[in-house]
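Below, each chain spelled out in residue letters.
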Amino acid sequence: AVVSTQSTGKKAEEDKKFNLLSSCSKELGRQIALGSEKGASSWLSTLPLKECGFTLSKQQFQDAIRLRYNLHLEGISSACACGKANSIDHTLICKLGGYTALRHN
């Protein structure tokens, strides 16, 4: 009976998630799906060990939170150096005016 109740509860949660994802915009649905993947928030509870490179400055932490919740990043222009409109997604992929090198260094 316990196993049946657990599987019923899990099915209900999956149905609830599916209904939520299908009722929101594609961008928000993608954000919710990525944020709910296993380990997606582990960086928030990681010990800030300097010798392992697990430290973030105040600005880096604020930017990471803004990226996670799709909030406007402070200090990015509305137009990219490549001539296209700037957005968080564009800034992270543009090879000309984006931050593709910074996110790996």
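Below or above, wherever it landed, is the structure these notes cover. On a predicted model such as this, the values are computed, not experimentally measured, just so you know.

## Some thoughts on the overall build of the protein
At step 1: Assigned secondary structure in the protein consists of four helices and zero strands.
At step 2: Secondary structure elements in the protein, listed N-terminal to C-terminal, are α-α-α-α.
At step 3: Partitioning the intrachain contacts of the protein with sequence separation of at least 6 by distance along the chain shows that 18% fall at a separation of at least 24.
At step 4: Accessible area of the protein: about 8600 Å², with a carbon and sulfur share of 58%.

## A short note on the side chain of His-90
At step 1: Relative to the assigned elements, His-90 resides in helix H4 (residues 88-93).
At step 2: On the accessibility criterion, His-90 (13% relative accessible area) is buried.
At step 3: Ignoring any residue separated from it by four or fewer positions in sequence, one finds His-90 in contact with Cys-80, Cys-82, Lys-84 and Ala-85.

## Overview of the pattern of salt bridges
Side chains that differ in sign of charge can pair as their charged atoms come close.
At step 1: Across all of its chains, the model carries one salt bridge by this definition.
At step 2: With a closest N to O distance of 3.0 Å, Asp-15 and Lys-11 form a salt bridge. Of this pair, Asp-15 and Lys-11 both sit in helix H1 (residues 2-23), four residues apart, which is roughly one turn of that helix.
At step 3: Judged by relative accessible area, which is 34%, Asp-15 ranks as partly exposed.
At step 4: A relative accessible area of 48% means that Lys-11 is categorised as partly exposed.

Rules used throughout
Residues numbered from 1 in each chain as written. Predicted model: local features only at pLDDT ≥ 70, side-chain atom pairs only at ≥ 80, totals over all residues. Heavy atoms only, no water. Helix = DSSP H or I, 4+ residues; strand = E, 2+ residues; numbered from the N terminus. Contact = heavy atoms within 4.5 Å. Areas by Shrake-Rupley, 256 points an atom, 1.4 Å probe, with all protein chains shown as cover. Buried < 20%, exposed > 50% of the residue type's maximum accessible area, 1.4 Å probe, protein only. Salt bridge = Lys/Arg side-chain N within 4 Å of Asp/Glu carboxyl O.

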